[in-house]
Every structure is written in structure tokens, then in C-alpha cells.
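Working through the structure, step by step
For reference, the chains in residue letters:
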Amino acid sequence: MFIRDPADSPQASRRLLRKLFQLTATETEVALLMMDGLTLDEAADKLGVMKNTVRAHLRGLFAKTGATRQALLVKTLLNSVASLA
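Residues numbered from 1 in each chain as written. Predicted model: local features only at pLDDT ≥ 70, side-chain atom pairs only at ≥ 80, totals over all residues. Heavy atoms only, no water.

**Side note on the overall build of the chain**
A count of helices and strands for the chain gives five helices and zero strands. Its helices and strands in sequence order give the chain the pattern α-α-α-α-α, from N to C terminus. Considering only residue pairs separated by 6 or more positions, the chain has 52% of its internal contacts joining residues 24 or more positions apart. Accessible surface for the chain amounts to roughly 5400 Å². Of this, 55% is attributable to carbon and sulfur atoms. (Helix = DSSP H or I, 4+ residues; strand = E, 2+ residues; numbered from the N terminus. Contact = heavy atoms within 4.5 Å. Areas by Shrake-Rupley, 256 points an atom, 1.4 Å probe, with all protein chains shown as cover.)

**Observations regarding the nonpolar core**
Membership of the largest hydrophobic core comes to 23 residues, with the highest contact counts inside it found for L17, M34, M35, L58, L61, L73 and L77. Going through the elements one at a time, α1 (14–21), α2 (25–35), α3 (40–47), α4 (51–65) and α5 (70–84) are the ones with two or more residues in this core. When residues of this core are assigned to their parent elements, the largest contribution, six residues, is made by α2. (Core = buried A, V, L, I, M, F, W, Y, C linked by side-chain atoms within 4.5 Å. Buried < 20%, exposed > 50% of the residue type's maximum accessible area, 1.4 Å probe, protein only.)

**Observations regarding the environment of R15**
Relative to the helices and strands, R15 resides in helix α1. Looking at R15, the relative accessible area reads 72%, which means it is exposed. Residues R15 and A25, spaced ten residues apart in sequence, show a C-alpha to C-alpha distance of 9.6 Å.

**With respect to the confidence of the model for the chain**
Low-pLDDT stretches of the model should not have their predicted coordinates read in fine detail. In this model, the chain carries a mean pLDDT of 85, and residues with pLDDT of at least 70 account for 81%. By mean pLDDT, α5 is the weakest element of the chain at 83, and α4 is the strongest at 97. (pLDDT = per-residue confidence, 0-100.)

**Observations concerning unusual backbone geometry**
For Q22, which is not glycine, the phi dihedral falls at a positive 55°. Following the sequence through the fold, Q22 ends up in the loop between α1 and α2. Q22 gets classed as exposed once you look at its relative accessible area, which sits at 59%.

So this is what it looks like as C-alpha cells:
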């Protein structure tokens, strides 16, 4: 379980995430939405794309971060950014 102030969005961490994991702009946006606790459906709605498109970006995030599950991905991202911020 992760507890975080929802008003404290990780928007300032966008540059750090891109650089740290070599993410594309869209992968970074998907990562931030996952870190904010959105579901795949919610992320797709927010980005104006299909759920399968978000899944494709999620696969890229898994490959670049070494995560194998969405929960591990979020944990990895939150821990990496928190340690650098």
C-alpha cells in the first residue's frame, strides 16, 4: 500500500523519470498517471487513447524499469523519484 498526498502530484518528477529510465514522453505520462493511482481505463480516458494503447506503453515501462507487475512498477517509480527529489 502506498499513501501519498493526492494534492502533491509528481509533476515536478517528469524530467527525472524520463532521464532515469529513458522513457518516451507518453510513457512518462502513463507512469505519472499510474503513480497517481489511476486505472488503465482512467489513464486511457485522461490521455484520450484506447486502453490497449495504454497497455502498450505499460509494456514499455515494464521493459525499461524491470518491473513485472503494475504494483511493482509504481513502487519502483515512487521509490526512484522520492530518493532523487
